[in-house]
Amino acid sequence: MVGASLAVALADLPLRVAMVEPLALGSDAQPSFDERTIALNAASQAIFETLGVWPDMAAEAAAMRSIHISDQGRFGVTRMQAEDYGLPALGQVVPTRTVGHALFRRVEQAEQIDFLCPARVQTLDTGDADQVRVTLDDGRQLAARLLVGADGARSQVRQALGIEAAIDDYQAKAIVSSVASQRPMDGRAFERFTATGPIALLPGPQQRSVLVWTQPTAAAEALLELDDNAFLARLNAGFGRRLGRLTALGRRQAYPLYRVLARQIVGPRSVLIGNAANNLHPVAGQGFNLGLRDAATLAESLADALACGQDIGGGQRLSAYAQRREADRQATAGMTHGLIQVFSNRTPGLRTGRNLGLLATDLLPGLKRRMAVRSTGFAGRPPRLARGLPVQTPEPQRGQGV
Ligand SMILES: Cc1cc2nc3c(=O)[nH]c(=O)nc-3n(C[C@H](O)[C@H](O)[C@H](O)COP(=O)(O)OP(=O)(O)OC[C@H]3O[C@@H](n4cnc5c(N)ncnc54)[C@H](O)[C@@H]3O)c2cc1C
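So, a few notes on the structure that sits alongside this text. (Residues numbered from 1 in each chain as written. Predicted model: local features only at pLDDT ≥ 70, side-chain atom pairs only at ≥ 80, totals over all residues. Heavy atoms only, no water.)

1. Considering the site of the ligand
The immediate surroundings of the ligand are formed by 29 residues, with Glu21, Arg36, Ala39, Gln156 and Asn275 found nearest. Here an oxygen atom of the ligand sits 3.0 Å away from a polar atom, N or O, in the main chain of valine 2. Residue assignment for the shell around the ligand shows that the elements contributing at least two residues are β2 (37–41), β12 (165–181) and α8 (287–307). Here the shell around the ligand is composed, by residue class, of 15 nonpolar, ten polar and four charged. Each of domain 1 (2–167 + 258–387) and domain 2 (168–256) gives at least three residues to the shell around the ligand. (Near = heavy atom within 4 Å. Polar contact = N/O pair within 3.5 Å; in protein donor to acceptor, adjacent residues only side chain to side chain. Helix = DSSP H or I, 4+ residues; strand = E, 2+ residues; numbered from the N terminus. Nonpolar A, V, L, I, M, F, W, Y, C, P; charged D, E, K, R; others polar. Domains from an automatic or database assignment.)

Right, here's the structure in full:
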């Protein structure tokens, strides 16, 4: 999805873009098009609005107007409300299938994009100073001024470039499903930390809520073995009664969780974006949002290079792009990893501190605002597309910005 988002963002620039995708549209194996429903934050929604693809997603989207965060068995809670930040919604919950189809439809319509599918990048050669060469699994060869690896957490491009990544296995799985409840969600999202992992319930399409329940691997596998009634009983016990009883369950799917942070995101005439650069725990719903900001910022950088007649794959420009992304990557990955570290630790002193921390976050508007700005995707210098501006908009020069 992140690669397709970049291709759509580049569609109006004077560039020829080849997008390589191994899995045909609608394939069940397509990781970007599976049963998941993801929370797009306000900046991501704005990016899709500026790109003109949001109308194709809006009918399936459910607005998230508030987030309620609590710790099972403790009194501390924190709440974030869209209206406190002048936003109509903190984000939108959309099936990934809907997002994927909207993007791929646009890719197929764009004259500037050669959509090579099914095809897989097999080898690449960065030995030539002026171009990077790619060989596909069907034998075709491509040469380009820039290669963008948006090929997911196990990125073959990252490996072929010899870029190392820090990998943390959370030894946990996220169980994803849809749930019906006695009381309506009314645009509220809930994140409840329990002794064994967080339970997130997001407002979903068609009056259902979206469940993302993280458990240690063995416990998750045991939960997957239960029938729906037994599973719901365990879920009700963990989540509590904020929505009355949780009454019905959709199909369950589980995802192993691990964090990948590439040690660098650019190489010779090459860039890594999305999960290829940063694969995060889903607890804060930030992975795709972060990847979309990679794509939007890279599109802006390439537009600026073209506007001043520069090489889009030049080392200086790519370094400036990497520098601009660093603060957002580190802060978003740090916030996500930090939540897991703090809330998975059950030592009594830390639990009390955490409880006070939730209370403090709720009571200190400055702290909560900083968290909200980061979660909605507007921290630092957001990409133009998130500010409603086309990628080609010239901006006043600032330092070595891209
Ligand atoms: C349970 C769960 C819930 C989540 N919830 C949220 C959420 O609420 N909000 C959020 O922002 N994020 C969420 N995420 C994270 C989000 O799903 C990912 O960050 C996002 O899907 C990453 O997109 P991507 O395009 O970078 O990678 P992928 O979706 O992994 O796509 C990689 C693409 O590369 C292709 N590919 C692979 N190998 C090759 C090759 N050799 N050559 C060419 N193409 C190749 C694949 O076919 C695929 O199309 C969640 C993740 C999980 C597991």
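2. A look at the packing of helix α1 (residues 2–10) against helix α4 (residues 96–109)
Helix packing for two helices is described by the angle between their axes and how far apart those axes are. Orientation of α1 relative to α4, taken along the N-to-C sense of each, is 45 degrees, at an axis distance of 9 Å. With respect to their mutual orientation, α1 and α4 come out oblique. At the point where α1 passes α4, the crossing takes the left-handed sense. On the side of α1, the interface is formed by Ala4, Ser5, Ala7 and Val8, while α4 contributes Leu103, Phe104, Arg106 and Val107. Of the residues belonging to the contact of α1 with α4, the class tally is six nonpolar, one polar and one charged. (Axes fitted to C-alpha atoms, helices over the stretch in contact; angles between N-to-C directions. Parallel < 35°, antiparallel > 145°, perpendicular 65-115°, else oblique. Left-handed = near helix turned anticlockwise from the far one by under 90°. Contact = heavy atoms within 4.5 Å.)

3. Looking at the sheet that holds strand β19 (residues 270–272)
A sheet is described by the order of its strands in space; here three strands give the open sequence β11-β19-β18, paired in mixed fashion. Each end of this open sheet is capped by a strand with a single partner; those strands are β11 (147–149) and β18 (266–267). As paired strands, β18 and β19 are joined by two bridges and run antiparallel to one another. Paired with glycine 267 across the strands is serine 270, a residue of β19. (Pairing = 2+ DSSP bridges.)

4. Describing the sheet that holds strand β9 (residues 132–136)
A sheet is described by the order of its strands in space; here three strands give the open sequence β8-β9-β10, paired in antiparallel fashion. Each edge of the sheet is formed by a strand with only one pairing partner; in this case those strands are β8 (121–125) and β10 (141–144). Neighbour to neighbour, the strand axes of the sheet diverge by 25 degrees on average, direction disregarded. Where β8 lies against β9, four bridges are found, and the strand directions are antiparallel. Counterpart to threonine 123 in the pairing with β9 is threonine 135.

5. Things to note about the packing of helix α2 (residues 42–51) against α8
Packing of α2 against α8 leaves a shortest axis separation of 9 Å and a crossing angle of 45 degrees. The angle between α2 and α8 falls in the class oblique. Judged by the twist between their axes, the crossing of α2 over α8 is left-handed. On α8, the residues touching Ser44, Ile47 and Phe48 of α2 are Phe288, Asn289, Leu292 and Ala296. The residue makeup of the contact of α2 with α8, split by class, is five nonpolar, two polar and no charged.

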